[in-house]
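Structure assessment
Below are the chains, spelled out letter by letter.
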Amino acid sequence: MDDKRVEAAARLIGCVLNYECGGDWDKLNDFAKEHYTRVAKSALEMSDAAAWQPIETAPYTGQFLAYGNGETGICHKDEEYGVMCSVDYCPIGGITHWQPLPAPPSDATP
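This text gives an overview of the structure that appears in the document. On a predicted model such as this, the values are computed, not experimentally measured, just so you know.

Attention now goes to the pairing of strand β2 (residues 63-68). With burial as the criterion, only one face of β2 is covered, namely that bearing Phe64, Ala66 and Gly68; the residues Gln63, Leu65 and Tyr67 on the opposite face remain uncovered. Relative to strand β3 (residues 71-78), β2 runs antiparallel, the two sharing six bridges. Paired with Leu65 across the two strands is Ile74, which belongs to β3. What sits between β2 and β3 in their antiparallel hairpin is a turn of two residues, with Asn69 showing a positive phi close to 55°. In this structure, β2 lies alongside strand β5 (residues 97-100), joined through four bridges in antiparallel fashion. Residue pairing across strands places Phe64 opposite Pro100, the latter belonging to β5.

Structural data, given as structure tokens:
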């Protein structure tokens, strides 16, 4: 899991629980930082695991992140052909799960 995601979530949790939104993370003691980081990591791991859904429920519009045979890649679902994968991703054994693609970076330009 990306440390930047965990740190961002930990800062938010620390902000909410300490009523110090906009406060200085660096002023928290080490115990508080470690605690909020553990809570954030657990929450993100649970969220990531819950995001995976059976491939049968994948939408017929847009692309999604697909999982199959230990690999992930970008796919879309076609009513006639089923799940269609990108050229560089086509797991042998089939795709079993999907989840929505993450949002693009906040500073990305269209």
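All right, on to the pairing of β5 then. Note that strand β1 (residues 53-54) and β5 share two bridges and pair antiparallel. Following the sheet pairing, Pro54 is matched in β5 by His97.

Once that is clear, we can look at the pattern of salt bridges. Going through the model one piece at a time under the given rule, you end up with two salt bridges. A salt bridge links Arg5 to Asp48, with the shortest nitrogen-to-oxygen separation between them at 3.2 Å. In this pair, Arg5 is assigned in helix α1 (residues 3-18) and Asp48 in helix α2 (residues 30-51), connecting sequence segments 43 residues apart. Ionic pairing is found between Lys41 and Glu45, a salt bridge with its closest N-O pair at 3.8 Å.

What follows covers α2. If you check α2, its first and last C-alpha atoms are 31 Å apart, about what 22 residues at 1.5 Å a residue would give, namely 32 Å. Looking only at α2, the buried set comprises Ala32, Lys33, Tyr36, Ala40 and Leu44. Angular distribution of buried residues about the axis of α2 spans 90°; they occupy a single face of the element. Opposite the buried face of α2, by more than 90 degrees, sit the exposed residues Asp30, Phe31, Met46, Ala49 and Ala50. One side-chain oxygen at the N-terminal end of α2 lies 3.1 Å from the backbone nitrogen of Phe31; it belongs to Asn29.

Now for the environment of Gly70. Mapping Gly70 onto the fold places it in the loop between β2 and β3. C-alpha of Gly70 to C-alpha of Ile95: the two residues are 25 residues apart in sequence and 9.6 Å apart in space.

Turning to the packing of aromatic side chains, a few remarks are in order. For the structure on display, the rule yields two aromatic pairs. Aromatic side chains Phe64 and Trp98 sit 5.6 Å apart centroid to centroid with 65° between the ring planes, which places their arrangement in the edge-to-face category. Placement of Phe64 in strand β2 and of Trp98 in strand β5 is noted, with a sequence separation of 34 residues between them. Classification of Trp98 by relative accessible area gives buried; the value is 9%. The cationic tip of Lys77 hangs over the ring face of Tyr60; the distance from NZ or CZ to the ring centre is 4.8 Å.

Parameters and conventions
- Residues numbered from 1 in each chain as written.
- Predicted model: local features only at pLDDT ≥ 70, side-chain atom pairs only at ≥ 80, totals over all residues.
- Heavy atoms only, no water.
- Buried < 20%, exposed > 50% of the residue type's maximum accessible area, 1.4 Å probe, protein only.
- Helix = DSSP H or I, 4+ residues; strand = E, 2+ residues; numbered from the N terminus.
- Pairing = 2+ DSSP bridges.
- Salt bridge = Lys/Arg side-chain N within 4 Å of Asp/Glu carboxyl O.
- Expected span 1.5 Å × (residues − 1).
- Arc of directions from axis to C-beta.
- Polar contact = N/O pair within 3.5 Å; in protein donor to acceptor, adjacent residues only side chain to side chain.
- Phe/Tyr/Trp six-rings, centres within 6.5 Å; stacked < 30°, edge-to-face > 60°.
- Lys NZ or Arg CZ within 6 Å of the ring centre and 35° of its normal.

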